[in-house]
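A structural walkthrough
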Amino acid sequence: METQAAINYNRIADAIAFYKANFKDQPSLERVAEHVHLSPFHFQRMFKEWAGVTPKQFLQYLTLEHAKQVLGSGATLSDAAFEAGLSGTGRLHDLFIKIEGMTPGEYKNGGEELPINYRFADSPFGPLLIASTHKGVCYLAFADEDQAAALDLLKEQFPNARYHAATDAWQEEALAIFSQDWSRPREIKLHLKGTPFQIKVWETLLKVPMGGLTTYSEVAGNIHHPTAVRAVGSAVGANPVAFLIPCHRVIRSDGQSGQYHWGATRKQAIIGWEAARAETRVA
């Protein structure tokens with residue numbers, strides 16, 4: 001059974017998809033509200049509560065022009081100082097996310113004897129499944145299907161691990177990233193299975209500030225493999241922790257949003273949501 005948060009997100013996602021499909025017509029608030037079966041008043045209020053801005057303001061973050069402006073603004077990987085000072089310099093987030101790669105022993109034989117806690121949770125972008133080891137979060141995925149199917153996908157990663165339906169501190173710190181209150185720095189620890197190349201790509205993505213965007217070619221250049229654009233794309237697609245490693249911030253060089261494992265509409269929703277919060281922080 002869908003939670004109210006999931007119902008709200010589905011309506012927002014439907015509205016975003018409608019805006020994108022009909023952008024040239026500049027549909028009115030009333031037309032979009034009718035499309036999602038809400039009154040204009042309730043649609044405006046729901047959207048403002050979800051995004052922090054009005055539907056009209058949000059729409060500007062979804063345009064090609066906005067993406068190109070962000071790519072050219074320096075708010076990308078080329079801004080090497082984004083981590084310095086954090087809230088004191090008005091940078092865009094106070095989160096420290098660190099990756100620890102799993103040792104071969106921790107995932108050999110399908111993760112045999114590896115204890116993994118998991119739980120389901122809501123997010124602004126739909127239901128999630130999050131899982132963690134004793135060292136940090138090892139998996140985060142949008143659970144669009146039923147919970148049993150989502151859990152099966154997790155177990156495919158570590159078929160011989162010992163799974164426990166349990167909440168722990170690693171999960172709580174990670175889920176706090178969706179909170180609108182980033183007043184206190186927090187550390188999120190990730191414990192991931194990946195090749196050295198994949199982990200290098202994922203660590204590079206963590207340097208893209210919230211509200212910023214980058215491209216596959218820029219990521220390749222920053223890891224000193226400028227010709228490995230295709231391999232970078234594969235590593236981005238293999239990201240095991242949705243949102244925490246911000247693969248949604250990687251777009252095509254022409255400003256188009258490109259593919260996303262969790263759907264193009266959700267990618268647009270996340271990009272716009274982050275852009276709205278980044279602008280609010282700077283304002």
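Residues numbered from 1 in each chain as written. Predicted model: local features only at pLDDT ≥ 70, side-chain atom pairs only at ≥ 80, totals over all residues. Heavy atoms only, no water.

Here Arg119 is to be found in strand S2 (residues 115-121). For Arg119 and Leu140, which are 21 residues apart along the polypeptide, the C-alpha to C-alpha distance reads 9.9 Å. In this structure, Arg119 is in contact with Leu128, Leu129, Ile130, Ala166, Thr167, Gln171, Glu172 and Leu175, ignoring residues within four places of it in sequence. There is a polar contact of 2.5 Å between the side chain of Arg119 and the side chain of Glu172. (Helix = DSSP H or I, 4+ residues; strand = E, 2+ residues; numbered from the N terminus. Contact = heavy atoms within 4.5 Å. Polar contact = N/O pair within 3.5 Å; in protein donor to acceptor, adjacent residues only side chain to side chain.)

Bringing the packing of aromatic side chains into the picture now. Given two aromatic rings, one states the distance between the centres and the angle between the planes to describe the pair. Summed over the entire model, instances satisfying the criterion amount to 13 aromatic pairs. For the ring pair Phe43 and Phe47, a centre distance of 5.8 Å and an interplane angle of 70° mean the geometry is edge-to-face. You can see Phe43 and its partner Phe47 sitting in helix H3 (residues 40-51), 4 residues apart, about one turn around the helix. Judged by its relative accessible area of 1%, Phe43 falls in the buried class. We classify Phe47 as buried; its relative accessible area is 0%. Arranged with centres 6.2 Å apart and planes meeting at 70°, the rings of Phe243 and Trp273 form a pair that is edge-to-face. Within this pair, whereas Phe243 is found in the loop between helix H11 (229-237) and strand S8 (250-251), its partner Trp273 is found in helix H12 (residues 264-282), the two being separated by 30 residues in sequence. Against the face of Phe158 rests Lys193, its NZ or CZ located 4.8 Å from the ring centre. When the ring centre of Phe142 is taken as reference, the NZ or CZ atom of Arg266 above it lies at 4.1 Å. (Phe/Tyr/Trp six-rings, centres within 6.5 Å; stacked < 30°, edge-to-face > 60°. Buried < 20%, exposed > 50% of the residue type's maximum accessible area, 1.4 Å probe, protein only. Lys NZ or Arg CZ within 6 Å of the ring centre and 35° of its normal.)

Moving on, we get to the environment of Gly52. Inspection of the secondary structure assignment puts Gly52 in the loop between H3 and helix H4 (55-61). Linking Gly52 and Trp273, residues 221 residues apart in sequence, is a C-alpha distance of 7.9 Å. For Gly52, the contacting residues outside a window of four places in its chain are Phe47 and Arg277.

Let's shift gears to helix H5 (residues 64-71). For H5, the full list of buried residues reads His66, Ala67 and Val70. Viewed along the axis of H5, the buried residues span an arc of 100°, placing them on a single side of the element. Away from the buried face of H5 by more than 90 degrees, exposed residues Glu65 and Gln69 are located. (Arc of directions from axis to C-beta.)

For the structure shown, the criterion picks out 8 salt bridges. Across the pair Lys135 and Glu100 runs a salt bridge whose closest N-O atoms are separated by 3.3 Å. Of the two residues, Lys135 is situated in the loop between strand S3 (128-132) and strand S4 (137-142) and Glu100 in strand S1 (residues 95-101); the sequence distance between them amounts to 35 residues. Residue classification places Lys135 among the partly exposed positions, given a relative accessible area of 23%. For Arg252, the salt bridge goes to Asp254, with nearest N and O atoms at 2.7 Å. Residue classification places Arg252 among the partly exposed positions, given a relative accessible area of 41%. Under the relative-accessibility criterion, Asp254 is labelled partly exposed at 35%. Here the salt bridges share partners, and the residues they tie into one network are Glu100, Glu106, Lys135 and Lys189. (Salt bridge = Lys/Arg side-chain N within 4 Å of Asp/Glu carboxyl O.)

Moving on, we come to the environment of Lys155. Position of Lys155 relative to the elements: it lies in helix H7 (residues 147-157). Given a relative accessible area of 32%, Lys155 falls into the partly exposed group. Between the alpha carbons of Lys155 and Gly110 there is a distance of 9.2 Å; along the sequence they are 45 residues apart.

A separate point is the nonpolar core. Judged by nonpolar contacts, the single largest core of 79 residues is most densely connected at Trp50, Phe125 and Leu190. Tallying contributions element by element places helix H1 (residues 4-21) first for this core, with 7 residues. With near-sequence residues (within four places) excluded, Phe125 lies in contact with Tyr9, Trp50, Phe142, Phe178, Phe243, Arg266, Ala269, Ile270 and Trp273. Counting residues in hydrophobic clusters, the runner-up holds 5 residues, among them Ala67, Leu213, Ile251 and Ile271. (Core = buried A, V, L, I, M, F, W, Y, C linked by side-chain atoms within 4.5 Å.)

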